[in-house]
Amino acid sequence: MAAAGLMSIFGGARRVLTGSARASELFPQTRPDVDGEACKHDCDSCTVKYPRHFKVEETHPLYGNIKPWSTHVLVATSKTDWSRHVEDERGSVMEAFGHASKPSNGRLMLSASNMPTPNNRPDYNQPTTILVLPAFTIIENVTPPAVPSLINKYISRAPTTSDPLDPLALPKTISSSRSSVGDMVARPCPHRVVVLLCSHRTRDARCGQSAPLVKKELERHLRPLGLDRDLDDERPGGVGIYFVNHVGGHKYSANMLIYRRPDAFGIDTVQRAKLPPGQEPQLVKPADDEEGEDAEKRDVGAAQCIWLARVRPEDCENIVRYTILQGKVVKGDKQLRGGFDRSKGVMSW
């Protein structure tokens, strides 16, 4: 039996045993009668192309063939490529996570990222910053010796991919007796959506090639909406795009993980097909973009993570229009690997 057939059988059997959601149950799929004719067409103004010999696996069924995870940590390194295994980066926070005890609330996915370090240099001798998902919180002043305390006092208490959307109840400071630079400080991430692209050239050249091209095209479509954000741009309400190390399945490049806050721009339920021709839905600034303690008390973190693969530059217009803005999947049969939706209590695993 062909490999694609075996993967489909194994994926179906796992869903029966675990009760995981089918693709159609996890995220809404676009339909022309609801979302307009545009959902059927790739971008026709895209000039960004992959290299001529860029090839990926196109036949295997993707959905459900990912490892479950409970929390996800992105470590700022100011780099776009790393050792084959990021835990082997000597002196880094990633190495410290590799040696530390595991969180008590399930599997932690660890990613090195190009998020900027405080001094904007790839220097592991200085404290760095991490982003904890799905909590959508940034923690500053993190050093390798402080990682065990960070795991025990914060990550193990953070919401997981299977937890309901309850307001966060997490400390704002995390102490560590091993840290020589003071307490770690937590604060909300200002973005409404975080997009992660694998750029790990050391693992597969295709990831190093695809990530910057996809990012460029995403930003081209986000810019007219006022949602594009540079790496150090923390204006609230935008979309942060970061490069990360290997997430698995580089033969399906480009891999893209999209973490979204609940109804990120207030238009999840808008039916574009019913709008007047040429009219775009009006983006709404949700209440928890407002600053202050009341906003923090309402913060529930990410509602969804939508994991796509085989993404090409010409897909980016509709990924912005439907997936980033509305939480819908355009090419579910070809591109959806899995994810979770905490608002519905469903996961792909």
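Given the structure is predicted, the values throughout are model-derived calculations rather than measurements.

1. Quick notes on the overall build of the protein
Here is step 1: Along the backbone of the protein there are nine helices and 12 strands.
Here is step 2: The globule rule puts the C-alpha radius of gyration for 349 residues at 20 Å, and the 20 Å found for the protein is close to it.
Here is step 3: The principal-axis extent of the C-alpha atoms belonging to the protein is close to 60 × 50 × 45 Å.
Here is step 4: Looking at the protein residue by residue over its 349 residues, the buried ones come to 54%.
Here is step 5: Within the protein, residue pairs in contact and separated by at least 24 positions form 79% of the contacts whose partners lie at least 6 positions apart.
Here is step 6: Carbon together with sulfur atoms contributes 50% to the accessible area of the protein, which is approximately 15500 Å² in total.

2. Here's the deal with the pattern of salt bridges
Pairs can form between side chains of opposite charge whenever their charged atoms are close.
Here is step 1: Following the criterion strictly, the structure yields 19 salt bridges and no others.
Here is step 2: One salt bridge connects Glu234 with Arg187, and the closest N-O pair in it is separated by 3.0 Å. Of this pair, Glu234 sits in the loop between helix H6 (205–222) and strand S8 (239–244) while Arg187 sits in strand S6 (residues 184–188), placing them 47 residues apart in sequence.
Here is step 3: The structure contains a network of salt bridges with shared partners spanning Asp42, Asp315 and Lys331.

3. A short note on the pairing of S8
Here is step 1: Of all the six residues making up S8, six are buried; the element is thus mostly covered by neighbouring parts of the structure.
Here is step 2: By the alternation rule, side chains of S8 split into Val239, Ile241 and Phe243 and Gly240, Tyr242 and Val244, which are all buried.
Here is step 3: Alignment of strand S7 (residues 193–198) against S8, held across six bridges, turns out to be parallel. By the bridge assignment, Cys198 is partnered in S8 with Val244.

4. A closer look at the environment of Asp44
Here is step 1: Looking at the element boundaries, Asp44 is found in the loop between helix H3 (32–35) and strand S1 (71–76).
Here is step 2: You can call Asp44 exposed: its relative accessible area is 77%.
Here is step 3: Through-space distance from the C-alpha of Asp44 to that of Asp315 is 10.0 Å; in sequence the pair is 271 residues apart.

5. Regarding the side chain of Ser156
Here is step 1: Here Ser156 is to be found in the loop between helix H5 (147–153) and strand S5 (173–174).
Here is step 2: Classification of Ser156 by relative accessible area gives buried; the value is 16%.
Here is step 3: Polar contacts involving the side chain of Ser156 include one to the main-chain amide nitrogen of Ser104, which spans 3.0 Å.
Here is step 4: Among residues more than four places away in sequence, those in contact with Ser156 are Pro103, Ser104, Asn105 and Ile151.

6. Structural notes on H6
Here is step 1: Taking 1.5 Å as the rise per residue, H6 with 18 residues should run 26 Å; its terminal C-alpha atoms sit 26 Å apart, in good agreement.
Here is step 2: Where the residues of H6 are buried, they touch S7, S8, strand S9 (256–260) and helix H8 (316–326).

7. Remarks on H8
Here is step 1: A large share of H8 lies buried, amounting to 10 of its 11 residues.
Here is step 2: Looking only at H8, the buried set comprises Cys316, Asn318, Ile319, Val320, Arg321, Tyr322, Thr323, Ile324, Leu325 and Gln326.
Here is step 3: Tucked into the core, H8 has its buried residues touching H3, S7, H6, S8, S9 and strand S10 (304–308).

8. Side note on the packing of H6 against H8
Here is step 1: Put simply, H6 and H8 touch, their axes get as near as 8 Å, and they point 60 degrees apart. In terms of their interaxial angle, H6 and H8 are classed as oblique. For the crossing formed where H6 meets H8, the hand is right-handed. Note on element contacts: H8 touches H6 through Cys316, Glu317, Ile319, Val320 and Ile324, opposite Val214, Glu217, Leu218, His221 and Leu222.

Procedures and definitions
Residues numbered from 1 in each chain as written. Predicted model: local features only at pLDDT ≥ 70, side-chain atom pairs only at ≥ 80, totals over all residues. Heavy atoms only, no water. Helix = DSSP H or I, 4+ residues; strand = E, 2+ residues; numbered from the N terminus. Rg over C-alpha atoms; globule rule 2.2 N^0.38 Å. Buried < 20%, exposed > 50% of the residue type's maximum accessible area, 1.4 Å probe, protein only. Contact = heavy atoms within 4.5 Å. Areas by Shrake-Rupley, 256 points an atom, 1.4 Å probe, with all protein chains shown as cover. Salt bridge = Lys/Arg side-chain N within 4 Å of Asp/Glu carboxyl O. Pairing = 2+ DSSP bridges. Polar contact = N/O pair within 3.5 Å; in protein donor to acceptor, adjacent residues only side chain to side chain. Expected span 1.5 Å × (residues − 1). Axes fitted to C-alpha atoms, helices over the stretch in contact; angles between N-to-C directions. Parallel < 35°, antiparallel > 145°, perpendicular 65-115°, else oblique. Left-handed = near helix turned anticlockwise from the far one by under 90°.

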